[in-house]
Number of protein chains: 2
Amino acid sequence: MSLLFSRQCEYALQAVSYLALHPRGRLVSIRELTKRLKIPYHFLGKILQGLVQKRILISHKGHSGGFALALPPEDISFYDIIKTIDGTQFKHQCAMGFSECSSESPCAIHDQWEKSRNELYKLFSGRNLAEMANAMNKPGYRTLKL
Amino acid sequence: MSLLFSRQCEYALQAVSYLALHPRGRLVSIRELTKRLKIPYHFLGKILQGLVQKRILISHKGHSGGFALALPPEDISFYDIIKTIDGTQFKHQCAMGFSECSSESPCAIHDQWEKSRNELYKLFSGRNLAEMANAMNKPGYRTLKL
DNA sequence: TCCTAATCAGAGTATTTTATCTTATTTAAA
DNA sequence: TTTAAATAAGATAAAATACTCTGATTAGGA
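## Some thoughts on the protein's contact with DNA strand C
Lining the immediate environment of DNA strand C, one finds 24 residues, of which A:Ile30, A:Lys46, A:Ser59, B:Pro40 and B:Phe43 sit closest. Here the atoms of DNA strand C within 4 Å of the protein split so that 64% fall in sugar or phosphate, with bases taking the remainder. Contact between DNA strand C and A:Gln49: a base nitrogen at 3.0 Å from a side-chain N or O atom of the residue. In the environment of DNA strand C, a base oxygen lies 3.3 Å from a nitrogen or oxygen atom belonging to the backbone of B:Gly62.

## Some thoughts on the interface of chain B and chain A
Each side of the interface is counted separately: chain B has 45 residues, and chain A has 45 residues. For the pairing of chain B and chain A, the buried interface totals around 4,100 Å² over both sides, and the portion due to carbon and sulfur atoms is 61%. Taken together, chain B and chain A are joined by two salt bridges. At the junction of chain B with chain A, the criterion picks out eight residue pairs in polar contact (both at pLDDT 80 or more).

## Let's talk about the packing of aromatic side chains
All names here are of chain A. If you walk through the whole model with that rule in mind, you get twelve aromatic pairs over all chains. Judged by centre distance (5.8 Å) and plane angle (85 degrees), the rings of Tyr 11 and Phe 43 are edge-to-face. Placement of Tyr 11 in helix H1 (residues 7-20) and of Phe 43 in helix H3 (residues 41-53) is noted, with a sequence separation of 32 residues between them. Here Tyr 11 falls in the buried class, since its relative accessible area comes to 14%. Seen from their ring centres, Phe 90 and Phe 124 are 6.0 Å apart, and the 80 degrees between their planes marks the pair as edge-to-face. Taken together, the residues span a long stretch of sequence, with Phe 90 in the loop between helix H4 (78-85) and helix H5 (110-126) and Phe 124 in helix H5 at a distance of 34 residues. Overall, Phe 124 belongs to the buried group, its relative accessible area being 1%. One aromatic cluster is present, built from ring pairs that chain together Phe 5, Phe 78, Phe 90 and Phe 124.

## Here we look at the packing of helix H2 (residues 30-37) of chain A against H3(A)
Residues and elements named next belong to chain A. Across the interface, H2 lies against H3 with an axial gap of 10 Å and an inter-helix angle of 120 degrees. Classified by the interaxial angle, the pair formed by H2 and H3 is oblique. Judged by the sense of rotation from one axis to the other, the crossing of H2 with H3 is right-handed. Every residue of H3 that contacts H2 at Ile 30, Arg 31, Leu 33 and Thr 34 is listed here: Tyr 41, Leu 44, Gly 45 and Leu 48. Tallied by class, the residues present in the contact of H2 with H3 amount to five nonpolar, two polar and one charged.

## Observations regarding the protein's contact with DNA strand D
Neighbouring DNA strand D are 26 residues; A:Pro40, A:Phe43, B:Ile30, B:Lys46 and B:Ser59 lie closest to it. When the atoms of DNA strand D within 4 Å of the protein are sorted by group, sugar and phosphate make up 61%. One nitrogen or oxygen atom from the main chain of A:Gly62 is found 3.4 Å from a base oxygen belonging to DNA strand D. Secondary structure elements with two or more residues in the surface near DNA strand D: H1 and H3 of chain A together with helix H3 (41-53), strand E1 (57-60) and strand E2 (66-69) of chain B. When residues in the surface near DNA strand D are grouped by element, the largest group, four residues, is from H3(B). Tallied by class, residues from the surface near DNA strand D come to seven nonpolar, 14 polar and five charged.

## Focus on the relation of the copies chain B and chain A
Between chain B and chain A, the superposition needs a rotation of 180 degrees and an axial shift of 0.0 Å, giving an RMSD of 0.0 Å. Classification of the inter-copy transformation places it as that of a two-fold axis. Most of the interface of chain B is mirrored in chain A, where 100% of its interface residues again form contacts.

## Considering unusual backbone geometry
Residue and element names in this part refer to chain A. At Lys 38, a residue that is not glycine, the phi angle is positive and equals roughly 55 degrees. Topologically, Lys 38 is positioned in the loop between H2 and H3. Take Lys 38: its relative accessible area is 69%, and that puts it in the exposed class.

## Thoughts on the pairing of strand E2 (residues 66-69) of chain A
Residues and elements named next belong to chain A. Relative to E2, strand E1 (residues 57-60) is paired through four bridges, and the arrangement is antiparallel. Bridging across to E2, His 60 finds its partner in Gly 66. The antiparallel pairing of E1 with E2 creates a hairpin that spans five residues between the two strands, and Gly 62 there sits at a positive phi of about 80 degrees.

## Focus: the side chain of B:Asn128
Within the secondary structure layout, B:Asn128 lies in the loop between helix H5 (110-126) and helix H6 (129-137). Polar side-chain contacts of B:Asn128 include one of 2.9 Å to the backbone nitrogen of B:Glu131.

## A closer look at the state of the cysteines
Residue and element names in this part refer to chain A. This structure, assessed with the given rule, holds zero disulfides over all chains. Summary of cysteine pairing: Cys 94 is not part of a disulfide, and the nearest cysteine sulfur, belonging to Cys 101, is at 3.7 Å. Given a relative accessible area of 5%, Cys 94 falls into the buried group. With a relative accessible area of 14%, Cys 101 lands in the buried category.

Thresholds applied
Residues numbered from 1 in each chain as written. Chains lettered and ligands numbered in written order. Predicted model: local features only at pLDDT ≥ 70, side-chain atom pairs only at ≥ 80, totals over all residues. Heavy atoms only, no water. Near = heavy atom within 4 Å. Polar contact = N/O pair within 3.5 Å; in protein donor to acceptor, adjacent residues only side chain to side chain. Contact = heavy atoms within 4.5 Å. Buried area = accessible area lost by both parts, 1.4 Å probe. Salt bridge = Lys/Arg side-chain N within 4 Å of Asp/Glu carboxyl O. Phe/Tyr/Trp six-rings, centres within 6.5 Å; stacked < 30°, edge-to-face > 60°. Helix = DSSP H or I, 4+ residues; strand = E, 2+ residues; numbered from the N terminus. Buried < 20%, exposed > 50% of the residue type's maximum accessible area, 1.4 Å probe, protein only. Axes fitted to C-alpha atoms, helices over the stretch in contact; angles between N-to-C directions. Parallel < 35°, antiparallel > 145°, perpendicular 65-115°, else oblique. Left-handed = near helix turned anticlockwise from the far one by under 90°. Nonpolar A, V, L, I, M, F, W, Y, C, P; charged D, E, K, R; others polar. Least-squares fit on C-alpha atoms with pLDDT ≥ 70 in both. Pairing = 2+ DSSP bridges. Disulfide = S-S within 2.5 Å.

Rendered as structure tokens:
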């Protein structure tokens, strides 16, 4: 089971991060992405297709084609990806699964969870892909490098 | 899609919270629980069966049977429930889905996510059901009351 | 021009999760 | 002692998610 996001969404975040490490406009093939990220080939194809339709990525068919960010990395946040794939439920959902949970009618852990959730929301929406890429290029980071 | 935990786990947390509101040892039927919590009858039956096998609950068959906490509510935390149903992945898992993510080989958001995750872990493991029940009995709380 | 390496698109399959059905068993109360 | 109200347990169904396959289209390069 995945934790915060669906598999699809996790894969999308990974792929988009990888694209952000490349110079603007440079096309990266599904082949390269799936090899590097260990994601099933056709599954990633589908996911990226979706992001093209949502105008987050662009793609070129044919020989030496591939995918690239549609916008400058400064203008894309993780949350932009998350909401196109998993929707916006992240901002509202109760941790215990109560549908009617709110500050007027809270569950036993409503306030604390809301606090953590807001911090996470800030993390995902407040930083753009350029900042992410910078962080990944610093010496300590090793998970995703060109 | 559920967020932090599986549906099963959410239902279990709801049910166990409801049991904690009752006097120690008082049996509550599946019927009452599912009515009160709007959980599918047989599905909750299965879930509670599992918690009985894990010795978190006790059950009595037959007329006026039902379920109750196996231990004093002071000795049960949300995390006790979570780990029997969803396992312990919550404590380790990377938000971006990288399997090799760690402080030695972190992803772009590793540190911040770890911080939030630890706070959440404290929330779920550091408070017991008695404290939860107290919180739920205070005036402001309305989601779950007897 | 023709071949090959790509994505595109949609259908199809597999797996996991969620939910239901059915029958058996237990037990308190009438 | 009978009956009704419970849980136990296994089988099955439905839905959601994850993944695969295939054929079409596109476009660069030999």
